[in-house]
Amino acid sequence: MPISNKDKNTWAWVPSLYFTEGLPYVIIITVSVIMYKQLGINNTDIALYTSWLYLPWVLKPFWSPFVDIKSTKRNWFLTMQLLIAIVFLGVGFTIPTHNFFVVSLSLFWIASFASATNDIASDGYYLIALSEKKQSLFLGIRSTFYRLAMITGQGLIVIVAGFLEEYYGAPQKAWSYTMIITAIFMIILTVMNLLTTPKIEDQATTNAKPLRFLDVLGTFFEKKNIGIALAFILVYRLGESQLVKMASPFLLDKTKEGGLALSTTEVGTIYGTFGVIALTIGGILGGVVISKHGLKKWMLPMILALNLPNLLYVLLAIWQPSSILFATLVVIIEQFGYGFGFAAYLMFLIYVADGVSKTSHYAIATGFMAMGMMLPGMLSGFIQQTLGYTGFFIWVAIAAIPGIILTRYIQYPATYGKKEAN
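All figures in this text were calculated on a predicted structure; none of them were measured in a lab.

**Q** When you look at the confidence of the model for the chain in this model, what are you seeing that I'm missing?
**A** Low pLDDT marks stretches whose predicted atomic positions should not be read closely. Taken residue by residue, the chain gives an average pLDDT of 86. The fraction at 70 or more is 91%. Per-residue pLDDT stays below 50 along residues 204-208; that stretch engages in six contacts with residues further than four places along the chain or on separate chains.

Okay, structure coming up:
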């Protein structure tokens, strides 16, 4: 590895690389829900099929060694980013056709595998392209630009789609153009990463890594109390995993169907701007209080902060206010609570992965985290259409109970995550 290229052009490539990591994820997982809703797909199908798109993030620990032993991280993420752009372009051209749902889902499936692989390669590149000092320095930068990608996807891109819906009066044409625009944007980002990321890897690899990974996988499941820890990881967001699939359809649905009848532009503005900002502030505050007092003091308050605001959706479903203000306030409170509560979840994942092979163990733990989003999300549309929006949001609140109960049984040091005094 050419040491002289370490830390080269850092300010040029870290922001664009992590923006490019976040944008495909939010398009595939979140924006697709809004798109399919506006294209007339029912909630059951939206929840079931878009939840399957989480699967590559569930499985990515198992093919991450292949990214290590074949080619370079830079080649991997540049190839995956270009593939994602091509797939998004295909989705755009597919939407006006009769079989758009099946074909576009198949394309999103390809994009989700490419996006998960892009995550593996980008994170690996970050670790080898930066010195340890620079890695710490740029943690906040990479997180900030990942969040900006979320705002761009859930906010700007959805707002553009809403504007085009109003301009053309046809959601198919509007979302077709939106996905084509998104594809062009992805191509621009890929070219930026091509020009700014330094070549810091050799092609030489070792074929021993996959065998070692099997050993690493075994040591993960040998950890003390791993069963109860994995159960907690799976149910921590049991309610939120279902809410996230049905919140946008609820805001978009007509009032006679139990929704709030907001426009695509309004939903993009609420979630993509106010919501993401509240989420970010909550996450920052959560990290601060854990570093000050340790995880034990904040675990229960944080899981409550993540789940209790969901009760506000019950009130929205019963009241169905005509003013966008109330929906905006609920989303701000819910997203702030989610960001705040998610800090404890991430810290627990780090604790579970701690020890030898922590990088691989963290990847495995995040795979279970993704599974905890995928499986409940698949059923959320069916549950909503069975219970109605009011009954569904009550169920979402009830689904928080298993995670709250398990906080009494998981084991970890009381001061874990607390910053040591100087």
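Having put the structure on the table, let's press on.
**Q** Explanation requested: helix α14 (residues 311-319) in the structure shown.
**A** Because each turn of an α-helix spans 3.6 residues, side chains separated by three or four positions end up pointing in the same direction. If you check which residues of α14 are buried, you get Y313, V314, L316 and A317. Down the axis of α14, the buried set is contained in an arc of 165°. They therefore lie on one face. In α14, the exposed residues that point more than 90 degrees away from the buried face are L315, I318 and W319. After α14 finishes, the residue Q320 shows a positive phi value of roughly 50°.

**Q** Teacher, can you tell me more about the packing of aromatic side chains here?
**A** What describes a pair of aromatic rings is the distance from one ring centre to the other and the angle between the planes of the rings. Taken as a whole and judged by the stated rule, the model has 32 aromatic pairs. Geometrically, the ring pair formed by W13 and Y125 is edge-to-face, given 5.0 Å between the ring centres and 75° between the ring planes. Residue W13 is located in helix α1 (residues 10-38), and its partner Y125 is located in helix α5 (residues 100-129); the two are separated by 112 residues in the primary sequence. Note on W13: relative accessible area 0%, which makes it buried. Considering the side-chain rings of Y351 and Y416, the 5.2 Å spacing of their centres and the 75° angle between planes classify their relative orientation as edge-to-face. Of this pair, Y351 sits in helix α15 (residues 324-353) while Y416 is found in the segment after α17 (401-406), placing the two residues 65 residues apart along the sequence. Look at Y351 and you get partly exposed, because its relative accessible area is 27%. Here Y416 falls in the buried class, since its relative accessible area comes to 15%. An aromatic cluster of three or more residues is present, and its members are F232, Y236, Y338, F342, Y345, F348, Y351, Y412 and Y416.

**Q** For this particular structure, what's the right way to read the side chain of Q81?
**A** Locating Q81 in the fold gives a position in helix α4 (residues 73-94). Overall, the relative accessible area of 0% leaves Q81 in the buried class. Among all residues touching Q81, those that are not within four sequence positions of it are L17, T20, N118, S122, M186, T190 and N193.

**Q** I keep staring at the packing of α1 against helix α2 (residues 43-51) and nothing clicks. Help me out?
**A** Each pair of packed helices can be described by the angle between their axes along with the distance between the axes. Interaxial distance between α1 and α2 falls to 10 Å at its minimum, and their mutual angle equals 150°. Judged by the inter-axis angle, α1 sits roughly antiparallel to α2. Where α1 crosses over α2, the handedness of that crossing is right-handed. Contact with α1, carried on its side by S32, V33, Y36 and K37, involves N43, I46 and T50 of α2 and no other residues of that element.

**Q** Would you mind showing me how to read the packing of α2 against helix α11 (residues 238-252) here?
**A** Running from N to C, α2 and α11 point in directions that differ by 145°, and their axes come no closer than 10 Å. α2 and α11 meet at a crossing whose hand is right-handed. Along its contact with α2, which presents N43, A47, T50 and S51, the element α11 presents K245, M246 and P249. When its residues are assigned to classes, the contact of α2 with α11 shows three nonpolar, three polar and one charged.

What counts and what doesn't
- Sequence positions are assigned chain by chain, starting from 1 and proceeding in written order.
- For a predicted model such as this one, the threshold for reporting local features is a pLDDT of at least 70, and the threshold for listing and counting side-chain atom pairs is 80 or more; totals across whole chains, interfaces and linings nevertheless cover every residue.
- Only heavy atoms go into the side-chain values, all of them from the structure, while hydrogens and water stay out.
- Values of pLDDT, the confidence the predictor places in each residue, fall between 0 and 100.
- By the convention used here, residues are in contact when the closest approach between their heavy atoms is within 4.5 Å.
- For each residue, the accessible area found with a 1.4 Å probe, counting protein chains only, is set against the maximum for its type, and the residue is called buried under 20%, exposed over 50%, and partly exposed in between.
- By the criteria applied, helices consist of DSSP H or I runs no shorter than four residues and strands consist of E runs no shorter than two, each listed in order from the N terminus.
- Relevant arc is that of directions from the helix axis to the C-beta atoms, nothing else.
- Working definition: a ring pair exists when centres of Phe, Tyr or Trp rings (six-membered ring for Trp) sit within 6.5 Å. Plane angles under 30 degrees give stacked, over 60 give edge-to-face, the rest tilted.
- All axes are obtained by fitting lines to C-alpha atoms, using only the stretch in contact for helices, and the reported angles, taken between N-to-C directions, cover 0 to 180 degrees.
- Note on terminology: angles under 35 degrees are roughly parallel, angles over 145 are roughly antiparallel, angles of 65 to 115 are roughly perpendicular, and the others are oblique.
- Helix crossings are classified by the rotation of the near helix relative to the far one: an anticlockwise turn of less than a right angle makes the crossing left-handed, while a clockwise turn makes it right-handed.
- For this classification, the nonpolar set comprises Ala, Val, Leu, Ile, Met, Phe, Trp, Tyr, Cys and Pro, the charged set comprises Asp, Glu, Lys and Arg, and every other residue, Gly included, is treated as polar.

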